[in-house]
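# A structural walkthrough
So the chains spell out like this:
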Amino acid sequence: MKRLKQISAQIKENIDQFVEAAENNKSPLEKTIVDMKRRIAEAKELVAAAIAEEQRLKQAYREAVDEAKMWRKKVDAALHNNNKERANEIQQREQQYLQQANDLKQQIHAQEAVVADLKTALYEFYQQFRDAAKRAETLSQRRKQAETRAEFYKLLAEFDLPDDNIVFQQAEQELKKTEAKAEMWEERSRRATDQMEIPEKDSDLDETLAALKSDILGSSQND
């Protein structure tokens with residue numbers, strides 16, 4: 001009983017330390033839960049040993065009672081045969097077993113109280129484990145969420161983004177330069193095209209004038 005109470009007190013202290021450490025993200029949750037499960041197994045073994053001792057005492061009590069009954073029959077038989085001396089001797093053996101049975105009965109009551117206390121302590125211990133396991137799971141989930149958030153915002157924060165206005169101003173200036181260049185080359189292209197078309201028009205005009213002159217001179221010669 002004392003050992004189980006010590007284990008329970010130690011576990012409670014470990015739970016408090018674990019929760020405090022886990023909240024500071026300094027202690028692995030899985031290691032603590034595994035340790036608690038191991039301690040539960042040890043506590044169950046202690047309870048099982050106490051129950052086995054109770055059963056042993058009860059078995060010994062039944063055997064003592066049976067022995068006392070057997071010697072009582074022998075006492076009755078000796079008295080029936082008027083052998084008082086033998087009856088007295090046998091009766092002493094009967095009293096020994098009755099005393100033994102009485103002692104065992106007291107031990108059984110004490111052991112039953114111990115087993116009851118152990119079962120209660122084990123149940124409380126198990127409830128502490130369940131509460132700690134649930135809290136550990138919650139803390140673990142929160143830790144994962146915090147790590148995800150930290151990685152996410154770290155990813156964004158590490159990107160050195162200049163001031164939005166400066167970025168857009170620079171982009172607009174570059175766009176204006178590109179548009180001006182495009183307009184300049186467009187104008188040059190238009191001028192080049194115009195220059196190529198003018199000679200063609202002059203050539204057509206010269207041909208037209210020559211033809212007209214030929215017609216006029218031709219008509220004059222014929223006359």
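Residues numbered from 1 in each chain as written. Predicted model: local features only at pLDDT ≥ 70, side-chain atom pairs only at ≥ 80, totals over all residues. Heavy atoms only, no water.

## Here we look at the overall build of the chain
Let me state the cut-off plainly: For helices the rule is a DSSP run of H or I covering at least 4 residues; for strands it is a run of E covering at least 2, with both sets numbered from the N terminus onward. Categorising residues by exposure relies on relative accessible area from a 1.4 Å probe, with only protein chains included: less than 20% of the type maximum marks a residue as buried, more than 50% marks it as exposed, and the intermediate range marks it as partly exposed. A contact between two residues is defined here by any heavy atoms of the two lying within 4.5 Å. Using a 1.4 Å probe, the Shrake-Rupley method yields the accessible areas, and only the shown protein chains count as cover for residues.
A tally of helices and strands in the chain yields four helices and zero strands. For the chain, the sequential pattern of α-helices and β-strands runs α-α-α-α. Classification of the 223 residues of the chain by burial places 20% in the buried group. Long-range contacts, defined here as pairs at least 24 residues apart, represent 79% of the contacts in the chain between residues at least 6 apart. Per element, the accessible surface of the chain, about 17,500 Å² overall, is 51% carbon and sulfur.

## Considering the nonpolar core
Cut-off, in case you're wondering: Residues grouped as a nonpolar core are buried Ala, Val, Leu, Ile, Met, Phe, Trp, Tyr and Cys residues, joined through side-chain atoms within 4.5 Å.
With 15 residues, the main nonpolar core has Ile33, Met36, Leu122, Phe125 and Phe129 as its most contacted residues. Contributions of two or more residues to this core are made by helix H2 (29–80) and helix H3 (84–157). The next biggest cluster of nonpolar side chains, apart from the first, holds six residues, and it includes Leu57, Ala64, Leu104 and Ile108.

## As for the pattern of salt bridges
This is how the line gets drawn: Salt bridges are counted wherever a side-chain nitrogen of Lys or Arg sits within 4 Å of a carboxyl oxygen of Asp or Glu.
For the coordinates displayed, the defined rule picks out 10 salt bridges. Linking Arg38 and Glu42 is a salt bridge whose minimum nitrogen-to-oxygen distance equals 2.8 Å. Of the two residues, Arg38 and Glu42 are both situated in helix H2; the distance of four residues between them amounts to about one turn of the helix. The partly exposed category is assigned to Arg38, whose relative accessible area is 39%. A relative accessible area of 26% places Glu42 in the partly exposed class. Measuring nitrogen to oxygen at the nearest pair gives 2.9 Å for the salt bridge that ties Arg72 to Glu94. A residue pair is termed long-range when its members are at least 10 positions apart, and Arg72 in helix H2 and Glu94 in helix H3 qualify at 22 residues.

## A closer look at a nonpolar patch on the surface
The condition that has to hold: Each patch groups residues whose relative accessible area exceeds 30% and which form no salt bridge, using 9 Å between like charges and 5 Å between nonpolar side chains of Val, Leu, Ile, Met, Phe, Trp and Tyr.
Judged by side-chain polarity, Phe152, Tyr153 and Leu156 come together as a nonpolar surface patch covering roughly 330 Å² of accessible area. With respect to the helices and strands, Tyr153 occurs in helix H3.

## A short note on H2
Note the following rule: The span one expects for a helix is its residue count, reduced by one, times 1.5 Å.
Here H2 spans 77 Å end to end across 52 residues, near enough to the 76 Å set by a 1.5 Å rise per residue. Positive phi appears at Asn82, one or two residues downstream of H2, with a value of about 60°.

## Some words on the packing of H2 against H3
What counts is decided by this rule: Only the stretch in contact is used when fitting a helix axis, every axis being a line fitted to C-alpha atoms; angles between N-to-C directions are given from 0 to 180 degrees. Just so you know how the angles are binned, under 35 degrees is roughly parallel, over 145 roughly antiparallel, 65 to 115 roughly perpendicular, and the rest oblique. Each crossing gets its handedness from the near helix: less than a right angle anticlockwise from the far helix is left-handed, clockwise is right-handed. For this classification, Asp, Glu, Lys and Arg are treated as charged, while Ala, Val, Leu, Ile, Met, Phe, Trp, Tyr, Cys and Pro are nonpolar and the rest, including Gly, are polar.
Closest axis-to-axis distance for the H2/H3 pair is 7 Å, and the angle between their directions is 165°. Compared by their axis directions, H2 and H3 come out roughly antiparallel. Relative to H3, the crossing made by H2 is left-handed. Its residues assigned to classes, the contact of H2 with H3 shows 36 nonpolar, six polar and 16 charged.

## A short note on unusual backbone geometry
Non-glycine residue Asn82 carries a positive phi angle of around 60°. Secondary-structure assignment places Asn82 in the loop between H2 and H3. For Asn82, a relative accessible area of 69% puts it in the exposed group.

## Remarks on the environment of Val115
By the secondary structure assignment, Val115 is in helix H3. Sequence separation between Val115 and Ala48 is 67 residues; the distance between their C-alpha atoms is 8.9 Å. In this view, Val115 contacts Ala50, Ile51 and Glu54; residues no more than four positions away in its chain are not counted.

## Looking at the confidence of the model for the chain
Using the following cut-off: pLDDT: the predictor's confidence for each residue, scored from 0 to 100.
Across the chain, the average pLDDT comes to 81, with 74% of residues at or above 70. Across the chain, element-level confidence peaks in H2 with a mean pLDDT of 92 and bottoms out in helix H1 (residues 2–23) with 59.

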